[in-house]
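One-letter residues, chain by chain:
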Amino acid sequence: MNLIHLAFAGQDASGYPSGMTVSWFSRDEPKDSTVQYGLSASQLDQSATGHVKHYMRNAGFHSHVEILNLKPSTMYFYRVGSSKDSKWSEVWSFVSASQSADASFSMAVFGDMGWESSVERPMIITAHGLEKKWSAKESRATLEKWKDEKSIDFIWHVGDIGYMDDSYAHSPLRFTYETAYNGYLNWLQNLTATMPYMVSPGNHESECHSPACVVDPFLGRALMNFTAFNHRWHMPSSSCAGRANMWYSFNVGPVHFVSLNTETDFPGAEEAKTGDGHFSWLKAGGFGAEGEYLRWLEADLKAARDAGKKWIIAGGHRPLMRLSHSGMIELLEKYKVDLYFAGHAHKYWRDPPSADVNASAKFYKDPKGYIQVVAGGAGCDEMAFKVAPQCPAGEGTCVRSEQTPDEDPAKTSQLNPVYATDVYSVGRLNVKTSALHFELIDSKHGQLLDEVVVTKTARASLTQNLV
């Protein structure tokens, strides 16, 4: 069991990823963590070593190795293991990142995807939002199809990754948090070992909710404050002065991506002091000094605008309506962010541009403000089973929900989204220098449910934009 997953790593002189982080799991502590790699499966003539993380006894070890200075847009073959133990995984491959500002690419983006379905993992407890019948298999199959078609280059999962904290609902009398995490990563390895799988923190990453974690101080504290999330994944925060996996940024082609922290380290954060369950003894937050996160976010956005990046895309777990006093919305507006992706709500909706709420369209040239896309309908044990019907040929938009974005309209200023649906779905973003094209795809039949295209004229300098 290797549970391999990749992430962009390093920066070249132009700020583009110069390598790849390879991460994996070992049941026993390895004598060293090594990746052997090369340009053919039969000639792995280069190697790199990294470090091991461990956060709880009897729960295995997590290796992270950065392979830097790779040739851009090149297929590499690799295997992971220990050179001292001579124990190696099978050989996998990936394509390194482009280092061109004009490179076109496509990516999957979504939040809130669980592991398997209620068929393989029946629900014993269905209280507090847990559903009797649910599935993530349709979305998983869609991602696999896109991988096989080579129609995506990487994946961005904006929080609530696998729902390990809900694993108790499938087996109340056993501690299954770690088993569920390993199961999720094994389930996705065919994807995550072949392309970057970028992640952002969600509330379900904050702690373990198993009765064993609540009553056992060792288990609960070993997993509090996003511990498993920050030990298992390795995002490129060291290349951008970010913090662990909580906030970071990276560049791909004409886009500057910013992964926001919607959970801790800002005024009014839901997990500022305690985790998602708000047990007083399970602390959370404090990844940076007071005010550090918002200072970092402003500096990062300003640097991207100063550098003349054509597009800035932000993503975080919570919709912006839940961050009204965080200070983040003002920064997205100030630095003219183009798109904001979120999850958290177990459904989908797309808002009109933030400064032109009456602009209901699929095509925008120089939109006024950012466009929020909430893609939280990938399927999990807190989202009831609902797949789209098979629409007549060429009429994928026959699927529509009349719901407002939130059950409580007082919580949102966007009462009339351009499009909303609560069927299982995942998003795909196609990027060119000239345009951003987002598609919402029904996970069951592969139908196009919604799309938006954004184009814009060349922007002036940051100073001119902020006047």
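Quick note: structure is the one above.
Since the model is a prediction, treat every value here as computed from it, not as a measurement.

Asks: Looking at this structure, I do not really get the layout of surface pockets. What am I missing?
Replies: In this approach, a probe sized like a water molecule rolls over the atoms, and the result shows the empty space that is left. The volume enclosed by the largest pocket comes to roughly 490 Å³. Around the largest pocket sit 22 residues that line it, and Val95, Ile152, Asp153, Thr194 and Met195 are the ones nearest its centre. Considering every element that reaches the lining of the largest pocket, the biggest residue donor is strand β9 (residues 92–95), with three residues. Looking at side-chain class alone, the lining of the largest pocket contains 13 nonpolar, six polar and three charged residues.

Asks: Honestly, the pairing of strand β10 (residues 105–110) in this entry has me stumped. Any pointers?
Replies: Side-chain positions along a regular strand alternate between the two faces of the sheet. For β10, the tally of buried residues reaches six of six residues, placing the bulk of the element in the interior. Across the two faces of β10 the burial is the same, with Phe105, Met107 and Val109 and Ser106, Ala108 and Phe110 all buried. Note: β10 against strand β23 (residues 425–432), five bridges, orientation antiparallel. When the bridges of β23 are listed, Ala108 appears paired with Arg428. Strand direction decides the pairing type here: β10 and strand β12 (residues 154–157), joined by four bridges, are parallel.

Asks: When you look at the sheet that holds strand β21 (residues 371–375) in this model, what are you seeing that I'm missing?
Replies: Two pairing modes exist for strands in a sheet, parallel and antiparallel, and in both the strands are linked by backbone hydrogen bonds. One open sheet holds the seven strands; their spatial order is β15-β16-β17-β18-β21-β19-β22, and the pairing between them is mixed. The sheet terminates laterally at β15 (248–252) and β22 (419–421), the two strands that pair on one side only. With direction set aside, neighbouring strand axes in the sheet form an average angle of 15°. Against the sheet, helix α6 (residues 292–306) engages β15, β16 (255–259) and β17 (311–315), with an angle of about 175° to β16.

Asks: Would you explain the state of the cysteines in this entry?
Replies: Using the criterion set out here, one finds one disulfide in the structure. Here Cys380 is not disulfide-linked; the sulfur of Cys208 is the nearest cysteine sulfur, at 17 Å. Taking the relative accessible area as the measure of exposure, Cys380 reaches 0% and is therefore buried.

Asks: Where do I start with empty space enclosed by the protein in this structure?
Replies: All told, the structure shown has one cavity of 30 Å³ or more when counted by the stated rule. In this model, the largest cavity occupies a volume close to 40 Å³. Lining the largest cavity we find Gly10, Gln11, Gly15, Pro17, Pro236, Ser239, Ser249, Phe250 and Asn251. Classifying every residue of the lining of the largest cavity by side-chain character gives three nonpolar, six polar and no charged.

Asks: Would you take a moment to explain the sheet that holds β10 for this structure?
Replies: As summarised here, the arrangement of the seven strands in space is β14-β12-β10-β23-β24-β25-β20, forming an open sheet in which the pairing is mixed. A single partner strand is all that each edge strand has here, and the edge strands are β14 (197–199) and β20 (363–365). The sheet shows a mean angle of 20° between the axes of neighbouring strands, taken without regard to direction. Each of β10, β23 and β24 (435–442) touches helix α1 (residues 137–149); the most contacted strand, β23, lies at about 30° to it.

Asks: What is the right way to look at the nonpolar core in this model?
Replies: Among soluble globular proteins, nonpolar side chains are generally buried collectively. The biggest cluster of nonpolar side chains holds 117 residues, and the ones touching the most others in it are Met113, Tyr184 and Phe257. Residues within four places of Phe257 in sequence aside, it is in contact with Phe105, Met107, Phe154, Trp156, Tyr248, Ser249, Phe250, Val252 and Ile313. Counting residues in each nonpolar core, the second largest holds 17 residues, with Val35, Tyr78, Trp92 and Ala193 among its members.

Cut-offs applied
- Counting starts from 1 at the beginning of each chain's written sequence and moves along it residue by residue.
- In keeping with the predicted nature of the model, local features appear solely for residues at pLDDT of at least 70, side-chain atom pairs appear and are counted solely at 80 or more, and the whole-chain, interface and lining totals rest on all residues.
- Side-chain figures throughout are based on the complete set of non-hydrogen atoms in the structure, without hydrogens or water.
- Only protein atoms enter the 1 Å grid used here. Points where a 1.4 Å probe fits but cannot escape make up a cavity, open sets with protein on both sides within 12 Å along at least five of seven lines make up a pocket, and a residue lines them when an atom lies within 4 Å of a point.
- Grid points are joined across faces, edges and corners, and a volume is the space filled by probe spheres set on the points.
- Going along the chain from the N terminus, every DSSP run of H or I of four or more residues is numbered as a helix, and every run of E of two or more is numbered as a strand.
- Residue classes follow a fixed rule: Ala, Val, Leu, Ile, Met, Phe, Trp, Tyr, Cys and Pro count as nonpolar, while Asp, Glu, Lys and Arg count as charged, and any other residue, Gly among them, counts as polar.
- Only protein chains enter the area calculation, which uses a 1.4 Å probe; residues under 20% of their type maximum are buried, those over 50% are exposed, and those in between are partly exposed.
- Whether two strands pair depends on DSSP finding at least two bridges between them.
- Axis definition: a line fitted to C-alpha atoms, over the contacting stretch in the case of helices. Angles run 0 to 180 degrees between N-to-C directions.
- Contacts between residues were defined by any pair of non-hydrogen atoms, one from each residue, lying within 4.5 Å.
- Only a pair of cysteine sulfur atoms within 2.5 Å counts as a disulfide in this structure description.
- Definition used in this section: a nonpolar core is a set of buried Ala, Val, Leu, Ile, Met, Phe, Trp, Tyr and Cys residues joined via side-chain atoms within 4.5 Å.

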